Amino acid sequence: LRHVGKSAGDPTTAGGLRAEAALLAGLGIDLGGVHLADGSGLHRDSKVSCDALLGVLQVGLSDARVGSVFANSLALGGTDGTLKKRDLADDVRAKTGTLNDVSNLVGTAGSGAGDLYFAILMNDLTDTGRARQIQDRIVADIVAALPGLDQATADELVQAAHGFCPYSKATKGNIAHQVSATV
């Protein structure tokens, strides 16, 4: 992160975080509700929104210069990396994020135009293994409903997904909670 800062004239962690934020904002990523305490992704003071993660995913995958490298950095459902033992279809590409009481799944499903982009962030968990099962089910249910999906059905799926995890305080006081779907 200090190297990123150095390239922007400030070789400190803070300089790197400022350079990173400027780059993301310049790419059109919504940084509302985002606070990065360091570059590890493990700091308890770091906060990130679904919108920001989805923005990075969409920009990264659509960038002609790095899109294929970015896509190949995502694990394949049931095939490799952190998704090898997950109950996900092999057209799911995603990154996971896990701490003792946190389980996140951010990725895409599909093989081209009309892919589903998803970000499922769960905090204050008592059972991250169960949370992973719920995430897998959410993704599978939404992917199964994609052909011919209308807005009312999408809204029902999102509400049902939210109901799967009543023991997760989805925001942990970090970001405003929003459940939405757009077809």
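For the structure itself, consult the block above.
Residues numbered from 1 in each chain as written. Predicted model: local features only at pLDDT ≥ 70, side-chain atom pairs only at ≥ 80, totals over all residues. Heavy atoms only, no water.

S.K.: Please explain unusual backbone geometry as it appears in this structure.
M.R.: In this model, Asp 124 sits at a positive phi of 55 degrees, which is unusual for a non-glycine residue. Here Asp 124 falls in the partly exposed class, since its relative accessible area comes to 23%. (Buried < 20%, exposed > 50% of the residue type's maximum accessible area, 1.4 Å probe, protein only.)

S.K.: Even after reading the chapter, I still don't get helix 2 (residues 13-26), so can you show me in this structure?
M.R.: Count 3.6 residues to each turn of an α-helix, and residues three or four apart come out pointing the same way. For helix 2, spanning 14 residues, the distance from its first C-alpha to its last is 20 Å, which sits close to the expected 20 Å at 1.5 Å a residue. Those residues of helix 2 that sit buried are Gly 15, Gly 16, Leu 17, Ala 19 and Leu 24. As for helix 2, its buried residues are in contact with helix 1 (2-7) and helix 3 (50-62). Gly 28, located one to two residues past helix 2, shows a positive phi value of around 90 degrees. (Helix = DSSP H or I, 4+ residues; strand = E, 2+ residues; numbered from the N terminus. Expected span 1.5 Å × (residues − 1). Contact = heavy atoms within 4.5 Å.)

S.K.: Quick question: what am I supposed to make of the pattern of salt bridges here?
M.R.: Oppositely charged side chains may form a pair once their charged atoms are brought near each other. With the rule as written, the count across this model stands at 4 salt bridges. Of the charged contacts, one joins Asp 10 and Arg 18 as a salt bridge, the two residues approaching to 2.4 Å between their closest N and O atoms. Where Asp 141 meets Arg 137, a salt bridge forms, and the shortest distance between an N and an O atom there is 2.9 Å. Remark: Arg 137 and Asp 141 occur in helix 5 (residues 128-145); sequence separation between them is 4 residues, near one turn of the helix. A relative accessible area of 46% means that Arg 137 is categorised as partly exposed. (Salt bridge = Lys/Arg side-chain N within 4 Å of Asp/Glu carboxyl O.)

S.K.: Sorry if this is basic, but what is going on with the environment of Asp 80 here?
M.R.: With respect to the helices, strands and loops of the structure, Asp 80 is situated in the loop between strand 1 (75-76) and strand 2 (92-99). C-alpha of Asp 80 to C-alpha of Arg 93: the two residues are 13 residues apart in sequence and 9.9 Å apart in space.

S.K.: Honestly, the side chain of Gln 135 in this entry has me stumped. Any pointers?
M.R.: Topologically, Gln 135 is positioned in helix 5. The class of Gln 135 is buried, set by a relative accessible area of 0%. Engagement of the side chain of Gln 135 in a polar contact is seen with the backbone oxygen of Ser 103, the distance being 2.9 Å. Residues contacting Gln 135, with those up to four places away along its chain left out, are Arg 86, Ser 103, Asn 104, Leu 105, Ile 120 and Met 122. (Polar contact = N/O pair within 3.5 Å; in protein donor to acceptor, adjacent residues only side chain to side chain.)

S.K.: I would appreciate a short explanation of the nonpolar core in the present structure.
M.R.: If you look at soluble globular proteins, the nonpolar side chains tend to sit buried side by side. Counting 17 residues, the largest nonpolar core has Val 92, Leu 105, Phe 118 and Val 139 as its most contacted members. If you list the elements that add at least two residues to this core, you get strand 2, strand 3 (102-109), strand 4 (116-122) and helix 5. For this core, the leading source of residues is helix 5, giving 5 residues. Once residues within four sequence positions are removed from consideration, Phe 118 is found in contact with Leu 54, Val 92, Ala 94, Leu 105, Val 106, Gly 107, Thr 108, Ala 109 and Val 139. Listed in part, the 6 residues of the second largest apolar core include Leu 57, Val 106, Ala 119 and Leu 121. (Core = buried A, V, L, I, M, F, W, Y, C linked by side-chain atoms within 4.5 Å.)

Honestly, that's just the spatial picture; any functional story needs more than this.
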